[in-house]
There are 2 protein chains.
Amino acid sequence: MSTEENILLAARKVFLQKGFMSARMQEIADEAGINKALLHYYFRTKEKLFEQIFSDAFQLIKQSFTGSLLNSLTFSEFLRAFVHAYLHLLDQMPYLPQFILQELNRDSSRIITLFEQQKVPMSAIKKLIATEVENGEIIAIKPEHLIVNIISLIVFPFVARPIIKTFIFNQNIEDYSRFNEGRGEEIVQFILRAIRIPKNMI
Amino acid sequence: MSTEENILLAARKVFLQKGFMSARMQEIADEAGINKALLHYYFRTKEKLFEQIFSDAFQLIKQSFTGSLLNSLTFSEFLRAFVHAYLHLLDQMPYLPQFILQELNRDSSRIITLFEQQKVPMSAIKKLIATEVENGEIIAIKPEHLIVNIISLIVFPFVARPIIKTFIFNQNIEDYSRFNEGRGEEIVQFILRAIRIPKNMI
DNA sequence: AATTGGTTTAACCAGTTGGTTAAACCAATC
DNA sequence: GATTGGTTTAACCAACTGGTTAAACCAATT
């Protein structure tokens, strides 16, 4: 592993857990097993190093979205693919959402740069949903609400992990991990029930 | 308004927007229209001032939960009351969730103190849900999942506001505020549809 | 008139941070 | 064997932070 990759790996770990403000260049150097001078030798400033970590992190999320979209013809196909792809990513990087949200709230002007760099095919999924509504496959729902609902159900439990662990599971780790195991299918079924056409054959 | 209240108001504004680490005592003093010396005269340290803001903030959330629970006999009553009470609170303090989550992720040991101070009647709502499941009023669902789902749908859009504004609404403020207006009933109906018993009278 | 308590001003301290620099070191390459 | 480039060490700087202090100020109270 090259020194540069080594630094990026260490920086990702520190930045994701601490955020930009609380992250310390010294800690990144320690984590990478090098010294601070060499850190600045590779990435001149903290800001430059952070930029790379941040845009890489966002791209990971984007990919789980676009990937699921490309491989799906129906909405329910997309839903199941996306939920599991996203959850799989978050299992490996549980600090990812809080990191992204924290930094976007800290400096919301950053999102403009991000928006131009990383084009997310939002109109495609909106269209897919709208079409299924028109065809009577799912109930009438605004695509924006449905999209927000999906992402909320997936992401929020990770952002609120400490609070859920404590106030809902009383710090019982077993109960909590059992909850997490079934979470994916629970989300999929919950959403499918909420948007299916009721069969009122009275 | 007393100086103390004045300081607390200013501190709340700054802490909620910036978080503990990024908040500056000087900025709080400026916001309160006083100087830094007087700030330390009232609240000896930054930590002490923060503690008060934080526990006050958490209490507000707790109250919208317990209040809705006390005034409801059925789950759907609780659901509608809670969703609207919570959203009403967040309309006034949109930075509240991100603040709480950020600080709990920064120092998760803080949550233990919080848990002992602020007892949240979680078992009551769990029981209410379990009873309705047994009585066949709603579909079989684990209370933990349902509770997490409710809170996710309410809170997440506030935490992810900049990202939703940009990637879903293309910075179109009108579309976004129209989305927010209908959000409360959208959440209620979405959940009710997801947990109702299907009437399969074939 | 004297006292009191909230308040301001301004300077200061110690600690930490991101960043820089110069010198030496060392292994691979030429 | 000389050169080169990555690397370390250690010291340093300027800026900023939370916090303290002493002195003066001022309005209300006694």
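Please refer to the structure higher up on the page.
Residues numbered from 1 in each chain as written. Chains lettered and ligands numbered in written order. Predicted model: local features only at pLDDT ≥ 70, side-chain atom pairs only at ≥ 80, totals over all residues. Heavy atoms only, no water.

Our next topic: the protein's contact with DNA strand C. Near DNA strand C you find 16 residues, and of these Lys36 and Lys46 of chain A together with Thr3, Tyr41 and Tyr42 of chain B are the closest. Within 4 Å of the protein, the atoms of DNA strand C are drawn from sugar and phosphate moieties in a proportion of 69%. In the environment of DNA strand C, a phosphate oxygen lies 3.4 Å from a nitrogen or oxygen atom belonging to the backbone of methionine 25 of chain A. The side chain of asparagine 35 of chain B places a nitrogen or oxygen atom 3.0 Å from a sugar or linking oxygen of DNA strand C. Where the surface near DNA strand C is concerned, the elements lending two or more residues are helix H3 (36-42) of chain A together with helix H3 (36-42) of chain B. By residue number, the principal contributor to the surface near DNA strand C is H3 of chain B, which donates four residues. (Near = heavy atom within 4 Å. Polar contact = N/O pair within 3.5 Å; in protein donor to acceptor, adjacent residues only side chain to side chain. Helix = DSSP H or I, 4+ residues; strand = E, 2+ residues; numbered from the N terminus.)

All names here are of chain B. Positionally, alanine 29 belongs in helix H2 (residues 25-32). For alanine 29, a relative accessible area of 0% gives the class buried. Placed ten residues apart in sequence, alanine 29 and leucine 39 show a C-alpha to C-alpha distance of 6.4 Å. When neighbours within four sequence positions are excluded, alanine 29 is seen to be in contact with Ile34, Asn35, Lys36 and Leu39. (Buried < 20%, exposed > 50% of the residue type's maximum accessible area, 1.4 Å probe, protein only. Contact = heavy atoms within 4.5 Å.)

So, about the pattern of salt bridges. Residue and element names in this part refer to chain A. Following the criterion strictly, the structure yields 18 salt bridges over all chains and no others. Where glutamate 185 meets arginine 80, a salt bridge forms, and the shortest distance between an N and an O atom there is 3.2 Å. With glutamate 185 in helix H12 (residues 183-195) and arginine 80 in helix H5 (residues 75-92), the pair connects residues that are 105 residues apart, well separated along the chain. Looking at arginine 80, the relative accessible area reads 35%, which means it is partly exposed. The closest approach of N and O atoms between glutamate 144 and lysine 126, which form a salt bridge, is 3.7 Å. Pair noted here: glutamate 144 is in helix H9 (residues 143-159) and lysine 126 is in helix H8 (residues 122-134), with a separation of 18 residues, a long-range link. Salt bridges here are not isolated pairs; linked through shared partners, they connect Glu47, Glu51, Asp107 and Arg110. (Salt bridge = Lys/Arg side-chain N within 4 Å of Asp/Glu carboxyl O.)

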